[in-house]
Amino acid sequence: NTNGIEERGEAEPALENALAEMTATTGPFPVLQARPISSQEGSLVAGPRLPLLHLDDGLAVVHKPSGIHTHPSALSPRDDSAARWLGQQLGRRVWPVHRLDRGASGLLAFALSAEVARDLITAFRERRVGKRYLALARGWLEDEGVVERPLLDMDPEASRPRLQEAVTRWRTLARAEAPFCGGR
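Please read these numbers as outputs of a predicted model, since none were measured by experiment. (Residues numbered from 1 in each chain as written. Predicted model: local features only at pLDDT ≥ 70, side-chain atom pairs only at ≥ 80, totals over all residues. Heavy atoms only, no water.)

### Focus on the side chain of Ser-113
We count it as follows: Numbering of helices and strands runs from the N terminus; a helix is a DSSP stretch of H or I covering at least four residues, while a strand is a stretch of E covering at least two. Any N or O atom pair separated by 3.5 Å or less is treated as a polar contact, with the protein-specific requirement of one donor-capable and one acceptor-capable atom, and with residues adjacent in sequence counted only for side-chain atom pairs.
Within the fold, Ser-113 resides in the loop between strand S4 (106–111) and helix H3 (114–125). Polar contacts involving the side chain of Ser-113 include one to the main-chain amide nitrogen of Val-116, which spans 3.1 Å.

### Focus: the nonpolar core
Inside soluble globular proteins, nonpolar side chains tend to come together where they are buried. Selection criterion: Buried residues of nine kinds, namely Ala, Val, Leu, Ile, Met, Phe, Trp, Tyr and Cys, make up a nonpolar core once their side-chain atoms join them within 4.5 Å. When accessible area is computed with a 1.4 Å probe and restricted to protein chains, residues below 20% of their type maximum are described as buried, those above 50% as exposed, and intermediate ones as partly exposed. Only heavy atoms enter the contact rule, under which two residues are in contact if any of them lie within 4.5 Å.
Membership of the largest hydrophobic core comes to 16 residues, with the highest contact counts inside it found for Leu-86, Leu-90 and Phe-110. Put simply, the parts of the chain that give this core at least two residues each are strand S1 (52–55), strand S2 (59–64), helix H2 (82–90) and S4. The biggest single contributor to this core is H2, with five residues. Filtering out sequence-adjacent residues up to four positions away, Leu-86 remains in contact with Leu-50, Leu-52, Ala-60, Val-62, Val-94 and Phe-110. Judged by nonpolar contacts, the second largest core, of eleven residues, contains Leu-59, Ala-109, Ala-123 and Val-129.

### Re the sheet that holds S4
The condition is simple: Pairing between two strands requires that DSSP report at least two bridges joining them.
The antiparallel open sheet is built from four strands, whose spatial order is S1-S2-S4-S3. The sheet is open, and its two borders are formed by S1 and strand S3 (95–96), each paired with just one other strand. Note that S1 and S2 share three bridges and pair antiparallel. Note on S2: the bridge partner recorded for Leu-55 is Ala-60.

Written as structure tokens, this is what we have:
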């Protein structure tokens, strides 16, 4: 390739390494095993800190709590997003390669260069990377189902919103009764 990117892409080895370090180990629910981040890799700027689960030359993986946006948008002030917080934490620009809804918590991958971002975004778009979600639902669900509903993409750099196809396949892992309401 003329721009110096290997046939497989620079991002694939970084993503494979990150996923290898974050392995499901017990029962039906994944438990993360991530290498600890040394103090030299930690925050360079004071401010909100996201739990950093993986960091290498091309990729950072963090745990995003519910209540914050993945990246700045028309719906979110510039200072209140995981991308902004991680950029401040690392003292460098980061590129989100996928999104989680504001109300969702979970793992977010950020590229540390435009080239790695392009490769990872392409991998997600081409569905070479899978996403897995665990949710606590209130009420009674069927054993499994499929939701096919487009999402409204509110990219602030686009001239107008567009619809993005989305398909979610789900299955019930367990059922239980609880004397309280679940939260996010």
